[in-house]
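# Survey of secondary and tertiary structure
So you can see what is in the structure, the chains are spelled out below.
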Amino acid sequence: MCGICGIVNLDPSEPVSPVLVRSMTQMLAHRGPDDAGYFVEDNIGLGHRRLSIIDLSGGKQPIFNEDRSVVVIFNGEIYNYADLTSDLVACGHKFRTRSDTEAIVHSYEQYGDDCVAKLRGMFAFAIWDRKRKRLLLVRDRLGIKPVYFHLGSRFLCFASEIKALLEIPGVPREVDTEALDLYLSLRYVPGPRTMFKDIFKLQPGHHLVLDHTGARTQKYWDIAYSPPCLRLSNQHREEFAHLLDESVRLRLIAEVPLGVFLSGGLDSSAILALMSQARRGERIKTFSVGYQTSNKEEERSNELPYARMAAAKFGAEHHEFTLSPTDCRDFLPQLVWLLDEPLADPTCIPLFFLSQLARKHVTVVLSGEGADEILAGYGIYKRMLQLERLYRHFPSLVTAVAPRLACLTKGEAAHGYLLQAGLPLEARYRGVCRGFRPSLKRKLLGERSPCQSNGQLDDLFFSYFNAVPDASPLDRMLYVESKTWLPDDLLMKADKMTMANALELRVPFLDHKLVEFVSALPVEFKIRHGRGKFLLRETMNGIVPQAIIKRPKKGFPIPTAPWLRRQLRDFTREVLLSEDSACRLYMDPTVLREIVQEHEKESPDRHQEIWVLLVFEFWHKLFIERRINYGARQSQQAAEMNCA
């Protein structure tokens, strides 16, 4: 696992500064504390920071082909690299290392841009073809590893993190106000946008090519929903179990210690179970997080008892970290710096400290990310399908009655569901992660709002729904998640928080062969009797404790609602309501105060909205105003700490 960056001047006669490439690369030091490598030639510069996982002594990057006409820098892991290497050797290619990186450069020689179809893993890589003066920039199918880029009038630049791009004079530090509007609605910025104007994410399953004709992006992979079989069968159960087991075993390939993030839920417990089977006789290291609690409301967030149950079942060497409200308050500026752009998911904080704990014992961890998105693990899917059945059978009745019932409902969530009941699925469903509701967002932004409706949000979600019009309603929702929430929230925080600690995270549920298999299964394999992940529960029955199989979905929850109301009350007021608050530049100060006061009075609960605002506030101070000084020094300190 590593960090990559590069710059190509569009004028071939304009050389790239080696000092600039080193400066960009240094900003990624925390991602790869083991080594640094550079390639600078004429109008191209590439930088690489390495976290050594495979071929510890020989995998230094950049790596070249035999005649040095092709060079690659790579972030990620190719799990089938051994088989791929054998095939390429049979085709006449000569390898100088045992690394998975070299398999990429020879695959490009052999297959051209189609080389990506041969790769099984998580990856972001850049290939410079020296003869053709051509750049190929690739992001993996599901978006496990991030790639950002900026295309200006004079140069194209890219990096694993935005902060490396900001080292380049000419890359703008401006707020994209339309991205801000989307962020307030979703708590993250959906790709390809970022919160920075003119800085973009390379989308999952896409590559970017830059040559003498210009720059262009193209999709090379997507999830296809074929007509599902009509009946469940043992063959499907066996194939799923085989693919999941194979995926876990592939992700145990490493020359460094491995462990598991253990939440106490079904997904991570299943990973631990399969890992224990694959490494019989070895005590697997597991890592969990809990919270300092003072009342029952806070205690509900603690999942440590279930994590301990799973660890005991499989004889794991278990480690725990306890998070306090003070940890959240003190860490928030650093969190936002590490994230690059606003991502208002409070679970980033426990994930960071969990990664910090794990890094003391291992270099690679496996986790259960992705299971909910491919196997329908969230409760919202059940609710949306119930509304969909009502809407399809009684559209006129639902359209007429639902708004009236909403007026009689006090709970804000229930009120929102009833208002949406009379809408088709494409207009109703906006993902598992929500921030400000449209009415409150319009009130908050007022005349500052770039759009007084939810137009761009609707356009975004309609485009994904329309891409799979013939899929089942459930699969259409899962497809939307795979394009928005999964890469832009879940996987983004996983990458940034683990790599901040020089820890590699591997996600077996997002092996593309497993995803392709599950996408073609009937809905009944995903949701049955109102519960998601049916096939996984069936597979783990008799292996994972029943108490874990039957318990509802939680993840790594964090008690932000009571903490913001009590322990972090003064902190929230000081940050958001001060005269020099950045939020006041974009939002109505009166409405800001109302939101804070409403949460303090517990009517209604506004902890999600407040967290969205806090994260944006610190991001603006760090990256736009530069009032808080984080920079290369902090990245270097992180790298030195991880090496120690």
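Residues numbered from 1 in each chain as written. Predicted model: local features only at pLDDT ≥ 70, side-chain atom pairs only at ≥ 80, totals over all residues. Heavy atoms only, no water.

### Side note on the overall build of the chain
This is how it is decided: A run of H or I in DSSP becomes a helix once it reaches four residues, and a run of E becomes a strand once it reaches two; helices and strands are each numbered from the N terminus. Under the scheme applied here, a residue whose accessible area is under 20% of the maximum for its type counts as buried, over 50% as exposed, and between as partly exposed, the area being computed with a 1.4 Å probe on protein chains only. Only heavy atoms matter for contacts: two residues are in contact if any of them lie within 4.5 Å across the pair. Only the protein chains shown count as cover for residues, and the accessible areas themselves come from Shrake-Rupley with a 1.4 Å probe. In this count, Lys and Arg are taken as positive residues and Asp and Glu as negative ones, while His and the chain termini are left out. Throughout, a charge is located at the NZ atom of Lys, the CZ atom of Arg, the CG atom of Asp or the CD atom of Glu.
A tally of helices and strands in the chain yields 28 helices and 17 strands. Counting only C-alpha atoms and orienting by the principal axes, one finds that the chain spans roughly 75 × 60 × 50 Å. Within the chain, buried positions represent 61% of all 644 residues. Across the chain, the fraction of contacts at a sequence separation of at least 24, relative to all contacts at a separation of at least 6, is 74%. As presented, the chain carries roughly 24300 Å² of accessible surface, and 51% of it is formed by carbon and sulfur atoms. Treating the 84 positive side-chain charges of the chain as one cloud and the 80 negative ones as another, the clouds have centres 4 Å apart.

### Thoughts on the sheet that holds strand 10 (residues 200-201)
As a reminder of what qualifies: A pair of strands is treated as paired once DSSP finds two or more bridges between them. Lines fitted to C-alpha atoms define the axes, with helix axes restricted to the stretch in contact, and inter-axis angles between N-to-C directions lie between 0 and 180 degrees.
Strand order in the open sheet formed by six strands is 2-3-1-9-8-10, with antiparallel pairing between adjacent strands. Looking along the sheet, the strands with just one partner apiece sit at the ends: strand 2 (35-41) and strand 10. Where strand 1 (residues 2-9) meets strand 3 (residues 44-50), seven bridges bridge the pair, whose relative direction is antiparallel. Note that in strand 3 the partner of C2 across the bridge is R50. Contacting strand 1, strand 2, strand 3 and strand 9 (155-159), helix 1 (residues 18-26) runs over the sheet at an angle of about 30 degrees to strand 3.

### As for the environment of I127
Structurally, I127 can be placed in strand 6 (residues 121-129). Judged by its relative accessible area of 0%, I127 is buried. Considering only alpha carbons, one finds I127 and V71, 56 residues apart in sequence, at a separation of 5.7 Å. Setting aside residues up to four positions removed in sequence, I127 forms contacts with V70, V71, V72, I104, Y108, R134, L135 and L136.

### Concerning the packing of aromatic side chains
We apply this condition: Put simply, two rings from Phe, Tyr or Trp (the six-membered ring, in Trp's case) pair if the centres are within 6.5 Å, and we call them stacked under 30 degrees between planes, edge-to-face over 60, tilted for the rest.
In total, this model carries 19 aromatic pairs according to the counting rule given. Ring geometry for F149 against F200: centres 6.0 Å apart, planes inclined by 35 degrees, an arrangement best described as tilted. Residue F149 is found in strand 8 (residues 148-151), and its partner F200 is found in strand 10; the two are separated by 51 residues along the sequence. Relative accessible area serves as the criterion here: at 11%, F149 is assigned to the buried category. When the ring of Y381 is compared with that of Y429, the centres are 6.4 Å apart and the planes differ by 45 degrees; the resulting orientation is tilted. Of this pair, Y381 sits in helix 13 (residues 379-393) while Y429 sits in the loop between helix 16 (425-428) and helix 17 (438-445); the two residues are 48 residues apart in sequence, bridging distant segments of the chain. On the accessibility criterion, Y381 (0% relative accessible area) is buried.

### A short note on the packing of helix 6 (residues 234-250) against helix 7 (residues 266-278)
For clarity, the threshold we go by: An angle below 35 degrees is treated as roughly parallel, one above 145 as roughly antiparallel, one from 65 to 115 as roughly perpendicular, and anything else as oblique. In this scheme, a crossing is called left-handed if the near helix is turned counterclockwise away from the far one by less than a right angle; it is called right-handed if the turn is clockwise. Polarity classes work like this: nonpolar for Ala, Val, Leu, Ile, Met, Phe, Trp, Tyr, Cys and Pro, charged for Asp, Glu, Lys and Arg, and polar for all others, with Gly in that last group.
Between helix 6 and helix 7, the least distance of the axes is 10 Å, while the angle of their chain directions is 70 degrees. As the angle between them shows, helix 6 and helix 7 are arranged roughly perpendicular. Classified by chirality, the crossing of helix 7 by helix 6 is right-handed. Seen from helix 6, the contacting residues are L244, D245, V248 and R249; seen from helix 7, they are I271, L274, M275, Q277 and A278. Here the contact of helix 6 with helix 7 is composed, by residue class, of six nonpolar, one polar and two charged.

### Here we look at helix 13
Threshold: Residue count minus one, scaled by 1.5 Å, sets the expected span of a helix. Note: the arc covers the axis-to-C-beta directions of the helix.
Over its 15 residues, helix 13 extends 22 Å from the first C-alpha to the last, a length consistent with the 21 Å expected when each residue adds 1.5 Å. For helix 13, the set of buried residues is I380, Y381, M384, L385, L387 and E388. Projected down its long axis, helix 13 carries its buried residues within an arc of 165 degrees, all on one side.

### Brief notes about the nonpolar core
Under the convention used in this document: Buried Ala, Val, Leu, Ile, Met, Phe, Trp, Tyr and Cys residues form a nonpolar core when they are joined through side-chain atoms within 4.5 Å.
Membership of the largest hydrophobic core comes to 194 residues, with the highest contact counts inside it found for Y183, L184, Y381 and M587. Examining the composition of this core, we find that eleven residues originate from one element, helix 27 (residues 607-624), more than from any other. Ranked by size, the runner-up nonpolar core spans 20 residues in total, among them W128, L137, L156 and F158.

### Here's the deal with the side chain of H207
Positionally, H207 belongs in strand 11 (residues 206-211). With relative accessibility at 9%, the residue H207 sits in the buried group. With sequence-adjacent residues up to four places away left out, H207 is seen in contact with L136, L137, V138, L202, R216, T217, Q218 and Y220.

### Observations concerning the environment of T322
Note that T322 resides in strand 15 (residues 317-323). For T322, a relative accessible area of 40% puts it in the partly exposed group. C-alpha separation for the pair T322 and S52, spaced 270 residues apart in sequence, amounts to 29 Å. Ignoring any residue separated from it by four or fewer positions in sequence, one finds T322 in contact with G290, Y291, Q292 and D327.

### Some words on the confidence of the model for the chain
Put simply, the rule is: A residue's pLDDT is the predictor's confidence in that residue, given on a scale from 0 to 100.
Averaged over all residues, the pLDDT of the chain equals 90, while 90% of them reach at least 70. Within the model, pLDDT remains below 50 along residues 638-644, and this stretch shows twelve contacts once partners closer than five positions in the same chain are excluded.

### Considerations on the sheet that holds strand 7 (residues 134-139)
Strand order in the open sheet formed by six strands is 4-5-6-7-11-12, and the pairing between neighbours is antiparallel. Of all the strands in the sheet, just strand 4 (63-64) and strand 12 (214-219) have a single pairing partner and so form its edges. Summarising the sheet, strand 4 and strand 5 (residues 70-78) pair through two bridges and their orientation is antiparallel. Considered in strand 5, the bridge of I63 is made with V72. Those strands touched by helix 3 (residues 100-111) are strand 4, strand 5, strand 6 and strand 7, and its axis lies near 130 degrees from that of strand 5.

### Re the pattern of salt bridges
How we decide: Within this document, salt bridges are pairs made up of a side-chain nitrogen of Lys or Arg and a carboxyl oxygen of Asp or Glu, the two lying within 4 Å of each other.
Under the counting rule described, the total for this entry stands at 50 salt bridges. Among the ionic pairs, D267 bridges to K533, the shortest N-O distance being 2.8 Å. Separated by 266 residues along the polypeptide, D267 in helix 7 and K533 in the loop between helix 21 (512-519) and helix 22 (534-540) bring together distant segments of the chain. Neither D267 nor K533 differs from the other in exposure class; each is buried.

### With respect to a nonpolar patch on the surface
Selection criterion: Here a patch means residues that are over 30% exposed by relative accessible area and free of salt bridges, tied together within 9 Å if like-charged and within 5 Å if nonpolar (Val, Leu, Ile, Met, Phe, Trp, Tyr).
Together, L390, F394, L397 and V401 make up a nonpolar patch on the protein surface, roughly 360 Å² of accessible area in all. Structurally, V401 can be placed in helix 14 (residues 395-407). Overall, the relative accessible area of 33% leaves V401 in the partly exposed class.

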